[in-house]
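Here's the letter readout for the chains.
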Amino acid sequence: MNHKLYFPCPVCKRVLLVEYAKTGKPYCKCNECGVQLFVRGKQGITRFYRLLGELKIHGDTRDLINAVDYFNALKVLLADIRGKQPFFGEDPDLNLQEMAILRQIEKVKENLKEG
Ligand SMILES: [Zn+2]
């Protein structure tokens, strides 16, 4: 297998490089989530490659698209939370949610810069 294949992490959706065990069986791992995904058995491996063909994920490009998608989704969420704030005063729960999202947005921005 010369060309690189990619598969999204089921937890964080980041694109992972498909690696191969000594036996030739494909697997991927996401260090951030601690996810290790092994595909075993002829049927499983066949289905896995078919799925990869359907997904047509191209490494870095796709990773970047994911990050941009995520970034946009966060901005929508932020606008939604800000829209829920009462007309007078502030809801502390919403403030906490807003802060969490702002932190995520900063994180994604940094990831995009690195990429
Ligand atoms: Zn992950």
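Just so it is clear, the structure is predicted and the values come from calculations on it, not from any experiment.

A. Spatial organisation of the overall build of the chain. When you go through the chain residue by residue, the secondary structure sums to three helices and five strands. Listing every helix and strand of the chain by position from the N terminus yields β-β-β-β-β-α-α-α. Classification of the 115 residues of the chain by burial places 9% in the buried group. Considering only contacts within the chain whose residues lie at least 6 apart along the sequence, 37% involve residues at least 24 apart.

B. Region of the structure containing the nonpolar core. Of all hydrophobic cores here, the largest spans six residues; its members are Leu5, Tyr6, Phe7, Val15, Leu16 and Cys28. Residue assignment for this core shows that the elements contributing at least two residues are strand 1 (6-8) and strand 2 (15-17).

C. Quick peek at unusual backbone geometry. With phi around 70°, Lys13 is a residue other than glycine that occupies positive phi space. Position of Lys13 among the secondary structure elements: in the loop between strand 1 and strand 2.

D. Layout of the pairing of strand 5 (residues 35-38). One ladder, built from four bridges, connects strand 4 (residues 26-30) with strand 5; its direction is antiparallel. By the bridge assignment for strand 5, Tyr27 is matched with Phe38. What sits between strand 4 and strand 5 in their antiparallel hairpin is a turn of four residues, with Gly34 showing a positive phi close to 70°.

E. Seen up close, the confidence of the model for the chain. Confidence in the prediction for the chain averages 82 pLDDT; 86% of positions are at 70 or higher. No element of the chain has a lower mean pLDDT than helix 2 (residues 59-84), which averages 76, and none a higher one than strand 5, which averages 94.

F. Structural detail: the sheet that holds strand 5. Ordered in space as 3-4-5, the three strands form an open sheet in which the pairing is antiparallel. Of all the strands in the sheet, the pair left with one neighbour each is strand 3 (19-20) and strand 5.

What counts, and where the lines are drawn
- Residues numbered from 1 in each chain as written.
- Predicted model: local features only at pLDDT ≥ 70, side-chain atom pairs only at ≥ 80, totals over all residues.
- Helix = DSSP H or I, 4+ residues; strand = E, 2+ residues; numbered from the N terminus.
- Buried ≥ 20, exposed ≤ 12 C-beta atoms within 10 Å, placed from the backbone.
- Contact = placed C-beta atoms within 7 Å.
- Core = buried A, V, L, I, M, F, W, Y, C linked by C-beta atoms within 7 Å.
- Pairing = 2+ DSSP bridges.
- pLDDT = per-residue confidence, 0-100.

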